[in-house]
Amino acid sequence: MAPIPLDEMIVCPHCDAAYRLARPGPGERAVCQRCGTALITPRRKAGVQIIAVSLAVVILIIAATVFPFLSINAAGASNSVSILDAALAFSDGPLIALSLTTAALIIFVPLARVLLAIYVLVPIVMDRPPARGAAQAFRLSEALRPWSMAEIFAIGCAVALIKISDLADVTFGPAFWMFAVLVVLVVVQDNFLCRWSVWKSLDKTQTS
Amino acid sequence: MEIAGQNPDIISARDLGLVACNRCAKVWPAGTQTCARCGSRIVARDTKSLQRVWALWLVGLMCYVPANVYPMLRTRTLLSVQEDTIVGGAIELVHHGAIGIAIIILVASVVIPLAKFMAIAFLAISVTRVSTVSKHQRQRLYEVVEYIGRWSMIDIFVVAILSSLVQLNTLAAINPGRASLFFALSVIFTMLSAQAFDSRMIWDLQTKPEGSSAND
């Protein structure tokens, strides 16, 4: 194999297969032939779309934590909780650590990830040099990816509601619907993002 | 999809004397320690990775025992106080006739965690010897474990929702038990264990020439 300039190569992060770089067009995907990992997934106008979705997510997360989430009614007694109440349910003794963890997994990690995405993408979309520490910011955002569990919390809600539906009346607050939209947007935001393209734009502007 | 190297002989970066950043996929000459683009640490193969996998795996397994012994939920009603472990709660549901939900709970909090422990152990053992299971199947298994690992947290979220919502003064109250902390720790440590596994090792041993011995 003739030596190829390193910038003209791409290596699958999962199986270490090396390829000569061929840029797929918008809508096409470059997939590792050995293990099937998607390597490059460009989209037209992805940057602007992701920023728009991210802004919507920021607003929804803040609103969904403040407004009432679920309320319960049984035999005259009632109780209403916000998402923050639910996350902080483990409040006695050593369980407080668990409270902080759940709050982080449901609210703060998803929020941090969209804020980091906005910080990294805005200069790229506006053809400006990358923001200070953009590479570290994007690396952090990628490291946090498995710890963003808003969608798992949503399914957890469904299970919990099935469990108590025959014991008490449950009503959905405004935050419930906001959270439902938010979960979809977080997934959309994550799927629009082509990591390779972001790293490429952070790189190009650094060296030139 | 268009990617060069259409020939079936796919060459790994290490055999080309190169090393790729696992975070941002930038290619560097072998021996590069830090990726100049994203700042990640680079290693051709993470040789210490299996030690970390086993250490985190063991901590996760150790947390899983008290997670099943201690009560997960403490339900107080007007007449009684009841403490349920994960399995106990599922059995209780069967007695009430809710067999469907009982099965979901058993699968989510017993079958999947145990399967995850076994899958990670199998992967970690399989890369140290010649495995009969194909590399594609093992890569698929690794992806499933990485994907499904996060979903075990669903139990913790159910407990969180139930115990924050069902607080009806004297009538009824649900509170989390000690098992919830251990269960969460078990899930977190198994996730870290799966993340520590360097999946590139799955493909390495298989690409060795046929005649070479397994212990070189």
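No experiment lies behind these values; they were computed from the predicted model shown. (Residues numbered from 1 in each chain as written. Chains lettered and ligands numbered in written order. Predicted model: local features only at pLDDT ≥ 70, side-chain atom pairs only at ≥ 80, totals over all residues.)

Caption draft 1: Inspection of the interface of chain A and chain B at higher detail. Counting residues at the interface gives 60 residues for chain A, matched by 52 residues for chain B. Taken together, the residues of the side of chain A that touches chain B break down into 43 nonpolar, 7 polar and 10 charged. (Contact = placed C-beta atoms within 7 Å. Nonpolar A, V, L, I, M, F, W, Y, C, P; charged D, E, K, R; others polar.)

Caption draft 2: Up close: the sheet that holds strand E4 (residues 81–84) of chain B. All names here are of chain B. The strand order E4-E3-E6-E5 describes an open sheet built from 4 strands, whose pairing is antiparallel. Strands at the two margins of the open sheet, each flanked by one partner only, are E4 and strand E5 (167–168). Helix H5 (residues 154–165) rests against strand E3 (73–77) and strand E6 (172–176) of the sheet, and its axis sits at about 145° to E6. (Pairing = 2+ DSSP bridges. Helix = DSSP H or I, 4+ residues; strand = E, 2+ residues; numbered from the N terminus. Axes fitted to C-alpha atoms, helices over the stretch in contact; angles between N-to-C directions.)

Caption draft 3: Local environment of the domain arrangement of chain B. Split by domain assignment, chain B resolves into domain 1 (1–44) and domain 2 (46–215). For domain 1 of chain B and domain 2 of chain B, the distance between their C-alpha centres works out to 32 Å. (Domains from an automatic or database assignment.)

Caption draft 4: Representation of the environment of Pro71 of chain B in the model. All names here are of chain B. Mapped onto the elements, Pro71 comes out in the loop between helix H1 (49–69) and E3. Taking the C-alpha atoms as reference points, Pro71 and Asp84, 13 residues apart in sequence, are found 4.9 Å from one another. Ignoring any residue separated from it by four or fewer positions in sequence, one finds Pro71 in contact with Glu83, Asp84, Thr85, Gly177 and Ala179.

Caption draft 5: Representation of the sheet that holds strand E6 (residues 77–81) of chain A within the structure. All names here are of chain A. Here we have 3 strands laid out as an open sheet, ordered E6-E5-E7, and antiparallel in their pairing. The two strands at the open ends of the sheet, each matched to only one other strand, are E6 and strand E7 (169–172). Across the sheet, the axes of successive neighbouring strands diverge by a mean angle of 15°, strand direction being ignored. As paired strands, strand E5 (residues 70–74) and E6 are joined by 5 bridges and run antiparallel to one another. For Ser71, the partnering residue across the bridge sits in E6 and is Ser80.

Caption draft 6: Expanded view of the nonpolar core. In this structure, Val11, Val120 and Leu182 of chain A together with Ala160, Ile161 and Leu162 of chain B are the most contacted members of the largest nonpolar core, which totals 118 residues. Lining this core are residues from two domains, each supplying at least three of them: domain 1 (1–44) and domain 2 (46–215) of chain B. (Core = buried A, V, L, I, M, F, W, Y, C linked by C-beta atoms within 7 Å. Buried ≥ 20, exposed ≤ 12 C-beta atoms within 10 Å, placed from the backbone.)

Caption draft 7: Local environment of the packing of H1 of chain B against helix H3 (residues 99–126) of chain B. All names here are of chain B. Closest axis-to-axis distance for the H1/H3 pair is 11 Å, and the angle between their directions is 160°. In terms of their interaxial angle, H1 and H3 are classed as roughly antiparallel. The handedness of the crossing between H1 and H3 is left-handed. Between H1, through Leu50, Val53, Trp54, Trp57, Leu61 and Tyr64, and H3, the contact on the second element is made entirely by Pro113, Phe117, Ile120, Ala121 and Ala124. Per-class residue counts for the contact of H1 with H3 are 11 nonpolar, no polar and no charged. (Parallel < 35°, antiparallel > 145°, perpendicular 65-115°, else oblique. Left-handed = near helix turned anticlockwise from the far one by under 90°.)

Caption draft 8: Structural context of the UniProt feature "transmembrane region" (unreviewed entry) in chain B. All names here are of chain B. In this structure's numbering, the residues bearing the UniProt feature "transmembrane region" (unreviewed entry) are residues 54–73, 93–126, 147–167 and 179–197. Spanning residues 93–126, this segment combines 91% helix with 0% strand, and its end C-alpha atoms are found 39 Å apart. A helix fraction of 71% and a strand fraction of 5% characterise residues 147–167, whose end C-alpha atoms lie 34 Å from each other. (UniProt positions renumbered as here; feature names shortened; annotations may be inferred.)

Caption draft 9: Just the confidence of the model for chain B, in detail. All names here are of chain B. Looking at chain B, pLDDT values average 83 and 90% of them are 70 or higher. Within chain B, no element has a lower average pLDDT than helix H7 (residues 200–206), which sits at 76, and none a higher one than H1, at 94. Segment residues 1–7: pLDDT under 50, and 17 contacts once partners within four positions in sequence are set aside and those in other chains are kept. Predicted confidence is poor over residues 208–216, with pLDDT under 50, and the contacts of this stretch with residues over four places away or in other chains come to 2 contacts. Two numbers describe this predicted complex: its pTM, 0.86, and its ipTM, 0.86. (pLDDT = per-residue confidence, 0-100.)

Caption draft 10: Quick peek at the packing of helix H4 (residues 135–149) of chain B against helix H6 (residues 178–196) of chain B. Residues and elements named next belong to chain B. Packing of H4 against H6 brings their axes to within 10 Å, and their N-to-C directions diverge by 150°. Where H4 crosses over H6, the handedness of that crossing is left-handed. Judged by residue contacts, Val145, Glu146 and Gly149 of H4 engage Thr190, Met191 and Ala194 from H6.

Caption draft 11: Quick peek at the confidence of the model for chain A. On average, chain A scores 86 in pLDDT, and the residues at 70 or more come to 96%. Confidence scores differ between elements of chain A, with helix H7 (residues 195–207) of chain A showing the lowest mean pLDDT of 75 and helix H3 (residues 96–125) of chain A the highest of 92.

Caption draft 12: Local environment of the environment of Ala64 of chain A. All names here are of chain A. Relative to the helices and strands, Ala64 resides in helix H1 (residues 46–66). What makes Ala64 buried here is the crowd of 26 C-beta atoms within 10 Å. Between the C-alpha atoms of Ala64 and Met178, which are 114 residues apart in sequence, the distance is 5.9 Å. Each residue touching Ala64, except ones within four places of it in the same chain, is listed here: Ile83, Ala175, Met178, Phe179 and Leu182.

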